[in-house]
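In case you want the letters, here they are:
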Amino acid sequence: MPATKIGDKVIRVDAIEKARGEATYVCDMTLPDMQYAYMVRSTVPRGTIDAIHLPEMPEGYYFISAKDIPAQGKNELWMIAKDWRCFAEDYVLYVGETIGLVVGPDRSVLKRIKAQIKIDYEEQTPAVTIDDGIHCVGGPMFPEKNSNVMCELFCEKGRPMDEVFAEADEVFEETIETPYQEHVHLETNSAIADMEDGKFVFYASAQCPFYIRKSIAGLLDVPYDDIIIRQCTTGGAFGGKEHFPDVLCGALLVAENKIRKPIKMVFDREEDTQFSVKRHPSKCIYKTAVKDGKITGVYGHIYYNCGAYLSSSYVVLQRGVFHGNGVYTFDNTYLKGEGIGTNMFPSCAFRGFGAPQTLFAIETHLDHLAHHLGVDPLEFKMQYLAKKGDETTTNGHIIEEVKLPEMLDVITRESDYWRKAKEYKPGCGRGIGIALYNHGGAFTGNGEQAIIKAHARLVKTGDRVSIQVGSTEMGQGFKTSLRKICAATLGVSIDQIEYLDPDTSKVVDSGPTAASRSTMVVGRLVERAAQEMKERWSEGDFTTEVEYEHPDGYPWDQATFRGDAYLGYGWGVACVEVEVDKLTNEVKTLGVWSSHEIGKAIDELIVHGQINGGILQSLGYGSMEKLEVKGGRFKQKSMSDYVIPTSMDFPKQFYHIQENPYPWGPYGAKGMGELVFNGASAAYVDAVERALNCKFTSIPIPAEDIEEALKNV
Ligand code: MTE
Ligand code: MOS
């Protein structure tokens with residue numbers, strides 16, 4: 001077999017089984033004596049539970065609730081904090097909160113039992129929106145603080161903002177809002193609990209098997225090793241299966257402890273849409289000081305709607321704040337973030353992990369400021385592009401060369417931006433928009449070295465090598481990229497490398513599959529382990545294992561949020577051209593162009609797929625994906641009313657990959673799976689604004705909302 005090289009075009013290792021329908025997802029699995037579970041959830045956003053009335057339970061059917069947690073266990077799931085209750089007991093905090101499970105052998109009987117369960121609530125006024133939360137509608141969620149602020153941070157650079165504002169010719173202020181977004185992973189959330197040799201075994205559709213184990217062990221107060229998580233083929237995740245599988249597996253663990261038979265829980269699409277985590281809605285107040293036509297300082301007050309539990313919000317908010325000045329260097333910045341608790345389903349990770357909200361806000365804000373000053377937005381922004389050595393908002397530095405100027409050359413040429421930007425007069429019905437963005441690689445700050453401490457292990461048997469890591473494939477192509485890195489380093493064929501879906505009892509913990517860190521960080525670990533293995537290749541069968549090492553000289557202080565928040569960034573440019581029908585407000589997208597600096601593409605085909613998908617998802621976020629809330633409930637309930645774009649909605653994209661090898665990534669690669677989401681929505685809105693000569697301060701902007709905006713011009 002010929003040795004695989006990084007530049008080779010390989011067939012995605014999971015392509016055939018997925019295309020043929022042969023891959024095994026959780027819902028395809030049946031174990032002997034299988035029992036099924038459905039969640040019984042809160043139907044009110046805030047209130048006390050006065051009584052739960054259960055119907056007569058037939059033999060072999062159970063209602064599992066907090067009462068079934070043994071005395072030594074605690075009713076809490078451990079994500080960042082331990083605030084998320086596995087089962088709501090005396091009170092509920094949001095619609096969809098788990099109160100119990102009905103478990104038994106026959107699904108139609110279970111559905112009947114579930115429909116017969118009556119719960120008496122004493123309803124209270126919920127806080128639903130960020131503003132509700134800020135004003136503690138219905139009473140503070142944290143009475144000890146007398147507020148709803150769940151988490152907060154700020155970072156500042158340069159001089160005090162009051163001084164900068166006092167000297168300015170004008171302070172341009174805007175409030176920009178972004179909405180909920182639903183992940184719409186094609187496979188809904190699902191898990192199976194079972195027992196094997198006295199241990200609890202889970203099969204789950206999940207990104208982070210080790211997270212689940214840690215999160216749920218406290219429910220029974222058992223050692224981690226008594227719980228085994230096996231990841232199954234995962235049909236898309238996008239951040240939605242980073243912490244949320246804990247919620248399914250935690251409840252199933254309590255049930256399994258009592259029933260001791262295999263129990264399967266698969267959400268249907270309506271449950272998955274209404275009762276799972278979402279992207280954080282945001283409200284960003286930006287105040288930009290301008291003197292002699294130049295920006296002298298940027299102040300941002302950023303609020304994220306966290307919902308009822310913290311889940312990953314504090315980390316999401318940090319990333320949002322650190323990306324709050326976009327790809328620019330301003331002399332003076334002050335960025336403050338507040339995560340607001342509300343009586344909504346907890347928000348969690350979603351591709352971009354907090355960055356898309358603030359990047360949308362700063363890009364749109366700067367576009368508006370440029371129009372206000374009468375200059376071309378791109379020309380205006382180009383004056384402030386970050387460069388190597390520049391001080392970041394957290395008082396660290398940009399460590400790498402920034403290739404945005406080269407990327408802009410490609411994109412403005414391919415899209416003919418400069419000509420079109422001049423020729424399409426404001427409001428003429430045609431517009432071209434452009435957005436710049438970045439994404440800090442891997443976990444923020446000292447996350448990699450202080451918290452995650454990733455490991456990777458390779459096992460050689462004959463001329464075959466097995467990769468043993470906990471990082472997962474969820475559609476992003478990780479399996480293929482990782483096997484390719486390993487094969488290329490060893491100088492063998494990709495077919496000689498094995499990577500099985502992780503099982504926590506068999507692999508080492510390489511950290512969560514999140515923050516686009518897998519190829520970049522875990523791929524590098526595998527490269528190092530393979531280098532070591534190659535040197536000893538002739539020694540027979542053996543194992544190599546390596547641990548993450550952080551390069552010296554890039555300090556970070558988590559207490560003050562000062563230092564190098566990221567060792568490197570992915571960088572992006574997206575350009576969108578639209579034509580708007582002035583009668584119907586329908587937008588036709590004529591062209592989409594993007595360039596991404598990702599260090600080095602490990603597999604160009606996979607990278608191309610990520611770009612196409614990420615940009616389309618971002619265009620959906622900006623244009624049409626509408627998840628509205630009424631009385632603490634999501635109005636859209638399925639894929640027929642929550643509309644995501646298809647290939648029919650947007651044209652074929654032009655893409656460009658900019659190389660700029662990253663010294664600490666495998667073969668120079670950086671993370672890229674989230675970067676590609678971070679900017680197209682702003683480019684789209686910019687294009688529509690120019691076509692109609694109007695201004696949007698929130699997304700999405702489907703035709704009916706464009707109509708509204710035009711009334712206010
Ligand atoms: N692509 C597909 N097809 N499916 C997914 O679930 N998740 C995204 C992105 N691309 C996702 C995806 C998210 S949220 C992350 S964090 C990165 O992939 C993870 O990429 P990595 O393997 O580089 O860590
Ligand atoms: Mo991705 S949002 O970091 O799972």
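Per chain, the residues get numbers from 1 upward, laid out in the order the sequence is written. Chains and ligands are labelled sequentially in the order written, the chains with letters from A and the ligands with numbers from 1. For this predicted model, a pLDDT threshold of at least 70 governs which residues receive local features, and a threshold of 80 or more governs which side-chain atom pairs are given and counted, while totals over whole chains, interfaces and linings are taken from all residues. Note: side-chain values were computed over all heavy atoms of the structure, leaving out hydrogens and water.

### A look at the nonpolar core
Core analysis: the biggest nonpolar cluster contains 153 residues, and W84, L101 and F202 have the highest contact counts within it. Residues in contact with F202, not counting those within four places in the same chain, are I192, A193, I216, I227, I228, I229, R230, C249, L252 and L253. With 36 residues, the next largest nonpolar core counts A454, A456, L490 and A514 among its residues. Nine residue types can take part in a nonpolar core, namely buried Ala, Val, Leu, Ile, Met, Phe, Trp, Tyr and Cys, and a core is a set of them joined through side-chain atoms within 4.5 Å. Whether a residue is buried, partly exposed or exposed follows from its accessible area with a 1.4 Å probe, protein chains only, as a fraction of its type maximum: under 20%, in between, or over 50%, in that order. Working rule for contacts: check all heavy atoms of both residues, and any pair within 4.5 Å makes them a contact.

### A word on the packing of aromatic side chains
Classification of ring pairs uses Phe, Tyr and Trp, with its six-membered ring standing for Trp, and accepts pairs whose centres are within 6.5 Å; under 30 degrees between planes counts as stacked, over 60 as edge-to-face, and the remaining range as tilted. A full pass over the atoms with the stated rule returns 25 aromatic pairs. Relative to F345, the ring of Y94 has its centre 4.9 Å away and its plane inclined at 70°; by these criteria the two rings are edge-to-face. Taken together, the positions of Y94 in the loop between β4 (91–92) and β5 (98–104) and F345 in the loop between β15 (333–341) and α9 (355–373) put the pair 251 residues apart, joining distant regions of the chain. F345 carries the same exposure label as Y94, and that label is buried. Relative to W571, the ring of Y569 lies with its centre 5.5 Å away and its plane at 45°, an arrangement referred to as tilted. Its relative accessible area of 10% is what places Y569 among the buried residues. An aromatic cluster is present here, built from W84, Y94, F244, F267, Y309 and F345 joined pairwise through their rings. Any Lys NZ or Arg CZ that is within 6 Å of a ring centre and within 35 degrees of that ring's normal is treated as a charge sitting over the ring. For the cation-ring pair, K145 lies above F142, with the distance from its terminal atom to the ring centre recorded as 5.1 Å. Sitting above the plane of the F634 ring, K278 keeps its charged end 5.4 Å from the centroid. Secondary structure counts use DSSP, requiring at least four H or I residues in a row for a helix and at least two E residues in a row for a strand, with both numbered from the N terminus.

### Focus: the packing of helix α16 (residues 604–623) against helix α17 (residues 680–692)
Axes here refer to lines fitted to C-alpha atoms; in helices the fit is confined to the stretch in contact. Angles between the N-to-C directions go from 0 to 180 degrees. Two elements in contact, α16 and α17, have axes whose closest approach is 7 Å; the angle formed by their N-to-C orientations is 50°. Considered as vectors, α16 and α17 are oriented oblique to each other. In this structure, α16 crosses over α17, and the sense of that crossing is right-handed. Facing I615, S618, L619, Y621, G622 and S623 of α16, the residues of α17 in contact are A680, S681, Y684 and V685. Along the lines of polarity and charge, the residues of the contact of α16 with α17 split into six nonpolar, four polar and no charged. For classification purposes, angles smaller than 35 degrees are called roughly parallel, those larger than 145 roughly antiparallel, those between 65 and 115 roughly perpendicular, and all remaining angles oblique. Helix crossings are classified by the rotation of the near helix relative to the far one: an anticlockwise turn of less than a right angle makes the crossing left-handed, while a clockwise turn makes it right-handed. Each residue is assigned to one class: nonpolar for Ala, Val, Leu, Ile, Met, Phe, Trp, Tyr, Cys and Pro, charged for Asp, Glu, Lys and Arg, and polar for all the others, Gly among them.

### Re the confidence of the model for the chain
Per-chain confidence: the chain averages 97 in pLDDT, with 100% of residues scoring 70 or above. The quantity known as pLDDT measures the predictor's confidence residue by residue, on a range of 0 to 100. Ranking the elements of the chain by mean pLDDT puts helix α18 (residues 703–711) last, at 88, and helix α6 (residues 245–259) first, at 99.

### Re the sheet that holds strand β27 (residues 653–658)
Whether two strands pair comes down to DSSP finding at least two bridges between them. The strand order across the open sheet formed by four strands is β16-β23-β24-β27, and the pairing between neighbours is mixed. The open sheet is flanked by β16 (430–440) and β27, the only strands paired with a single partner. Ignoring strand direction, the axes of neighbouring strands in this sheet form an average angle of 15°. Taken together, the 11 bridges between β16 and strand β23 (residues 569–580) define a ladder with antiparallel strand orientation. If you follow A435 over to β23, its bridge partner there is A574. Together, β16, β23, β24 (587–597) and β27 form the strand contacts of helix α11 (residues 404–415), whose direction differs from that of β23 by roughly 20°.

### Some points on the site of ligand 1
One heavy atom within 4 Å of a molecule or strand makes the whole residue count as near it. In the vicinity of ligand 1 lie 18 residues, with A237, F238, Q476, S518 and Q610 positioned nearest. Polar contacts, as used here, are pairs of N or O atoms within 3.5 Å; protein pairs need one atom able to donate a hydrogen and one able to accept it. Residues neighboring in sequence count only if both atoms are side-chain atoms. In this structure, R351 approaches ligand 1 through a side-chain N or O atom, which is 3.3 Å from a nitrogen atom. One nitrogen or oxygen atom from the side chain of Q610 is found 2.8 Å from a nitrogen atom belonging to ligand 1. The Shrake-Rupley method, run with a 1.4 Å probe sphere, supplies the accessible areas, and residue values consider only the shown protein chains as cover. Here ligand 1, which alone exposes 520 Å², has 92% of that area covered by the protein. Counted by class, the shell around ligand 1 contains six nonpolar, nine polar and three charged residues.

### Comments concerning the pattern of salt bridges
It is possible for side chains of opposite charge to pair when their charged atoms get near one another. Salt bridges, as used here, are contacts in which a Lys or Arg side-chain nitrogen is within 4 Å of a carboxyl oxygen on Asp or Glu. Evaluation of the coordinates by the stated rule reveals 44 salt bridges. A salt bridge links D131 to K283; the shortest N-O distance between them is 2.8 Å. Taken together, the residues D131 in helix α3 (residues 130–134) and K283 in strand β13 (residues 282–291) connect sequence positions 152 residues apart. In this structure K283 comes out as buried when scored by relative accessible area, which is 15%.

### Some thoughts on the environment of Q274
Structurally, Q274 is set in helix α7 (residues 269–274). On a C-alpha basis, the gap between Q274 and L627 in space is 9.8 Å, while along the polypeptide they are 353 residues apart. Not counting the four nearest positions on each side in its chain, Q274 is found in contact with F345, F634, Q636 and K637.

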